[in-house]
2 protein chains.
Amino acid sequence: MADEKPTSIWMQPERQERSGPGRRPGYSREQVTRTAVRIADAEGLDAVTMRRIACDLGTGAMSLYRYVPRRDDLFDLMIDLAMSEVELPDGPSGDWRADLTLLAGRVRAAGLRHPWLIALLTSRPTLGPNLLRVHEFALGAFEGIGLDIDDITGFAGMLDDYVHSAIRREIGWQEEARRTGLDPERWKRDYMGPYVRQVVESGAFPLFNRSVLESRTAHLTPEERFRQGLDRILDAVAALIAALPARP
Amino acid sequence: MADEKPTSIWMQPERQERSGPGRRPGYSREQVTRTAVRIADAEGLDAVTMRRIACDLGTGAMSLYRYVPRRDDLFDLMIDLAMSEVELPDGPSGDWRADLTLLAGRVRAAGLRHPWLIALLTSRPTLGPNLLRVHEFALGAFEGIGLDIDDITGFAGMLDDYVHSAIRREIGWQEEARRTGLDPERWKRDYMGPYVRQVVESGAFPLFNRSVLESRTAHLTPEERFRQGLDRILDAVAALIAALPARP
DNA sequence: TCCATTTGCGTACTACGTACCTGAAATGGA
DNA sequence: TCCATTTCAGGTACGTAGTACGCAAATGGA
């Protein structure tokens, strides 16, 4: 059996339950992934080490390599497991705006439940089956309004960009706070606060100052802010669709 | 002298050239940062280790800590140095569309010159002076068309989201290829290719298939593709601005 | 029963960030 | 000119990471 390492994790299926000779696997790829996700949720992505996962499973670190080729592949599996929680209807409803709002909300929920998800997702080119499923739903929502495939892809990309960026803005500093060892509230006040205050007081960036000091958006709840930005994007898409030349 | 570690790097200026007794610094914070950037450009972000930087500078690893408090702070400094290369006019020209196109192109150029830049920038909440300068220019381009500060911030954010996401899409797989040790062309063909082909042939995601197989966008040069997406965003912004209710 | 096969996992190697410490170097004052 | 003082250079070392390697244990078929 060739040890074909240099290929995507999705091409290397887990060892099947055979009925031949040899010891039976004590764990499973999904079990390893689920443990890794639990650790990342509770203590951040940095805490996800092979030794730590193995310890939680009650086994030795090297045993994990029977189920996952490399640590990086485990990240792809974690992304896919988290995305599998995004529940969606079987197909688009016909109301594209409602469908995409639903999609965005579900992805945001998954992103908040797993604060490491969006950072991981946007930092590596991964294409797990559940990411494909979610993406396909977005494409489907745009289909049937008379768009060609390039516009469908473009608009879906615009939406993805917004959703990912907005979620990262919402929770990005949480992970950073954890990395520096401070609790999030202290980090904001003691670590980043003094610098921002200094920048503001310097007056060097007047429009930045206004966006920090005068913004009404800053006083909304995170969910309202997400929704407001989403509506902005969907308004933009609607405006563009209205302006598209009729296709033959 | 208190060793105030837990605060932003921008609040901890480099030790000044004093005129008291004692040895003079042999290097500088900028020199260290510049070396780190050079290494990252040539061999990827993973190659930027304290030992490697020190080796390139011809000194010992621990000497670097005289200039940079922690390795993470060095990343902030690298981001700022790379962003300092984004040359911009002193103020907006009055043609917001031209200004933002210029801005996007310059940021893209910096992102291509430093393939690690966008990944780093979007994975940590950093606010270096040069990032603020570039952001202020974007805000300025939106000012004076009768937008309030919330709309200015919102539109500038939309643009940032697009520019960063597009650049990441353009080069994201390069870094991933380097991480796996393959050259980029081989990675695309041998690592990711077989899986994509399998997904396509399965027929499970028909719209994804069409976006891969039928897209005309895929045959454009990267620059044309970037420009096309940018125009789409700017069209959307223009459409939204036109639709905004007149403010008193 | 015995053996080919596969898993569990301890050991060990390399490489990382960085705390600590020693000694060298540079300067102002005498 | 010489020395006390201050600062920097950088070696050593500790803890932790990913993971290559190899052997013992377990298992089912012959």
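Everything quoted here is computed from the prediction, not taken from an experiment.

On to the overall build of chain A, then. Helix and strand counts for chain A stand at ten helices and zero strands. Starting at the N terminus and ending at the C terminus, chain A contains elements arranged as α-α-α-α-α-α-α-α-α-α. Taken across its 248 residues, chain A has 48% of its residues classed as buried. For chain A, contacts bridging at least 24 residues in sequence account for 69% of all contacts bridging at least 6.

What follows covers helix H6 (residues 129-142) of chain A. Residues and elements named next belong to chain A. Spanning 14 residues, H6 covers 20 Å between terminal C-alpha atoms, matching the ideal 20 Å at 1.5 Å per step. For H6, the tally of buried residues reaches eleven of 14 residues, placing the bulk of the element in the interior. The complete set of buried residues in H6 reads Asn130, Leu131, Leu132, Val134, Glu136, Phe137, Ala138, Leu139, Gly140, Ala141 and Phe142. Just downstream of H6, glycine 144 is the residue with a positive phi angle, here 80°.

Okay, the relation of the copies chain B and chain A next. Note on the identical chains: chain B maps onto chain A by a rotation of 180° and an axial translation of 0.0 Å, with an RMSD of 0.1 Å. In the structure described here, the two chain copies are related by an operation that fits a two-fold rotation axis. Across chain B, the smallest distance between a C-alpha and the rotation axis is recorded for Ala236(B), namely 2.5 Å. Looking at chain B, 100% of its interface residues are interface residues in chain A too, so the copies touch through the same face.

Take the packing of aromatic side chains next. Applying the stated rule across the entire model yields 14 aromatic pairs over all chains. When the ring centre of Phe226(B) is taken as origin, the NZ or CZ atom of Arg108(B), which lies over that ring, is 5.4 Å away.

Residue and element names in this part refer to chain A. Remark: helix H4 (residues 96-113) packs on helix H7 (residues 149-180), axes separated minimally by 10 Å, with the N-to-C direction vectors making an angle of 35°. Between H4 and H7 lies a crossing whose hand is right-handed. Side by side, H4 and H7 meet where Leu100, Leu103, Ala104, Val107, Arg108, Gly111 and Leu112 of the first sit next to Leu159, Val163, Ile167, Glu170 and Ile171 of the second. Its residues placed into classes, the contact of H4 with H7 shows nine nonpolar, one polar and two charged.

Here, the residues flagged by UniProt with the feature "domain: HTH tetR-type" (unreviewed entry) are residues 26-86 of chain A. Annotation note: span residues 26-86 of chain A, helix share 59%, strand share 0%, distance between end C-alpha atoms 29 Å.

A few words on the UniProt feature "DNA-binding region" (unreviewed entry) in chain A. When the UniProt feature table is mapped onto this chain, "DNA-binding region" (unreviewed entry) is found at residues 49-68 of chain A. In residues 49-68 of chain A, the share of helix is 40% and the share of strand is 0%. The end C-alpha atoms are 13 Å apart.

Parameters and conventions
- Residues numbered from 1 in each chain as written.
- Chains lettered and ligands numbered in written order.
- Predicted model: local features only at pLDDT ≥ 70, side-chain atom pairs only at ≥ 80, totals over all residues.
- Heavy atoms only, no water.
- Helix = DSSP H or I, 4+ residues; strand = E, 2+ residues; numbered from the N terminus.
- Buried < 20%, exposed > 50% of the residue type's maximum accessible area, 1.4 Å probe, protein only.
- Contact = heavy atoms within 4.5 Å.
- Expected span 1.5 Å × (residues − 1).
- Least-squares fit on C-alpha atoms with pLDDT ≥ 70 in both.
- Phe/Tyr/Trp six-rings, centres within 6.5 Å; stacked < 30°, edge-to-face > 60°.
- Lys NZ or Arg CZ within 6 Å of the ring centre and 35° of its normal.
- Axes fitted to C-alpha atoms, helices over the stretch in contact; angles between N-to-C directions.
- Left-handed = near helix turned anticlockwise from the far one by under 90°.
- Nonpolar A, V, L, I, M, F, W, Y, C, P; charged D, E, K, R; others polar.
- UniProt positions renumbered as here; feature names shortened; annotations may be inferred.

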